[in-house]
Every structure is written in C-alpha cells, then in structure tokens.
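Here's the letter readout for the chains.
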Amino acid sequence: FVNWEDDDSISDWFGSDDDDDDEDDDNERDDNNKSKDDNNSNVYLADIIDRLPIYPHLENTHPSQLFKYYIHYRDFNRRMDEWITHERIVSPPSVGNARVRALKRKEERRKREEEERKERERILSEVHAGVG
C-alpha cells in the first residue's frame, strides 16, 4: 500500500471549470486534506516495480542505505507510476501484524535466554562457593 499524499494533483492534472469559487474551495480543501491525512484515507494499493539506492556510494546492505521505489498504483493508468521514498510505503495490516508478532517472539526468546544464562551463572557461583 502506498500513501498518495497529493490528492489535489489529480484534480489539477485534469483541470476544473469552476474557477469562480477557487478561494472558498481552497480553504475547504485544506481543512478536508488535514482530516484525510489524519484518517489515512488516501492510501492506495500499489506494486513495487523497481528499487534504487538513494546513496549509491554505500553498499546496499549498509544500515544507513535508503532506497527509492518505482511503484505502479493498481487500478490506475501507468502514467501515474512514480518514484517514492520508503516513508510513503505503508504495509498491509497482515504483513505489519506478522512483523510485530515476529519481533515480539524474538524479544521474548532473547529475554528467556538471558534469564536462563543468569540462572546458570547463579548455579555455577553457588557450586564454586560450596566447593571453596
């Protein structure tokens, strides 16, 4: 899913015949856009076609490396395809929830291993204290 931030660009692209009320409409549109952005109602399903590094001098695996993505919006003409940054990409809920669950499991496993390690150290210190 991709967040299409500029809803007004579609209407600007095709133009409008009602130029008389532009000022009033612009004020209303600004208020409406704020509520739309808050509700994330301008999210469209898209496919990632290509990916390019933003910092070509860094390796792709470098932690600071970021990418820009060429995307195609489903149910839209190909002329609407565009390059976007990762900030505009929103994972579908199923993918996002799976990632959260995986991170929680990983964190729980790390905590459990840490507790087991501490318990082994405590037992070893008691054994060494009893021997000495």
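What counts, and where the lines are drawn
- The numbering scheme is per chain: residues are counted from 1 as the chain's sequence reads.
- Whole-chain, interface and lining totals are the exception, using all residues; otherwise, since this is a predicted model, local features are given only for residues with pLDDT of at least 70 and side-chain atom pairs are given and counted only at 80 or more.
- Hydrogens and waters are ignored; side-chain quantities use all the structure's heavy atoms.
- In this description a helix means any DSSP run of H or I spanning at least four residues, a strand means any run of E spanning at least two, and both kinds are numbered starting from the N terminus.
- The accessible surface values rely on the Shrake-Rupley method and a 1.4 Å probe; as for residues, cover is taken only from the protein chains in view.
- Two strands pair under a simple rule: DSSP has to find at least two bridges between them.
- For helices, the fitted line uses only the C-alpha atoms of the stretch in contact; every axis is such a line through C-alpha atoms, and the angle between N-to-C directions lies from 0 to 180 degrees.
- Only residues whose relative accessible area exceeds 30% and that take part in no salt bridge are eligible for patches, with like-charged residues grouped when within 9 Å of each other and nonpolar side chains (Val, Leu, Ile, Met, Phe, Trp, Tyr) grouped when within 5 Å.
- When a carboxyl oxygen of Asp or Glu lies within 4 Å of a side-chain nitrogen of Lys or Arg, that pair is called a salt bridge.
- Note on charges: Lys and Arg go in the positive column, Asp and Glu in the negative column, and His and the chain ends are not counted at all.
- Here the site of a charge means NZ on Lys, CZ on Arg, CG on Asp, or CD on Glu.
- Here the nonpolar core consists of buried residues drawn from Ala, Val, Leu, Ile, Met, Phe, Trp, Tyr and Cys, with membership extended through side-chain atoms lying within 4.5 Å.
- The classification of residues rests on relative accessible area computed with a 1.4 Å probe and restricted to protein chains. Under 20% of the type maximum is buried, over 50% is exposed, and intermediate values are partly exposed.

## Notes on the overall build of the protein
Looking only at helices and strands, the protein features 3 helices and 5 strands. Ordered by position in the sequence, the α and β elements of the protein form the string β-α-α-β-β-β-β-α. Entry remark: accessible area of the protein is about 10800 Å², with carbon and sulfur atoms responsible for 48%.

## Some details on the sheet that holds strand β3 (residues 46–53)
Pairing is antiparallel in the open sheet, where 3 strands are placed in the order β3-β4-β5. The outermost strands of the open sheet, each flanked by one partner alone, are β3 and β5 (82–85). For this sheet, the mean angle separating the axes of adjacent strands, direction not counted, is 35°. Two strands pair when backbone bridges link them, and strand β4 (residues 67–73) and β5 are joined in this way by 4 bridges, in the antiparallel orientation. Each bridged residue has a counterpart across the sheet, and for I71 the counterpart in β5 is E82.

## Quick look at a positive patch on the surface
Together, R101, R105, K106, R109 and R112 line one region of the surface with positive charge. Among the structural elements, K106 can be located in helix α3 (residues 93–131).

## Things to note about the nonpolar core
With 7 residues, the main nonpolar core is built from A46, F67, Y69, I71, Y73, M80 and I84. Residue contributions to this core peak at 4 residues, all from β4.

## Comments concerning a nonpolar patch on the surface
Together, I54, Y55 and L66 make up a nonpolar patch on the protein surface, roughly 220 Å² of accessible area in all. Among the secondary structure elements, I54 is positioned in the loop between β3 and β4. Its relative accessible area of 34% is what places I54 among the partly exposed residues.

Bear in mind that shape data such as this cannot, by itself, settle questions of function.
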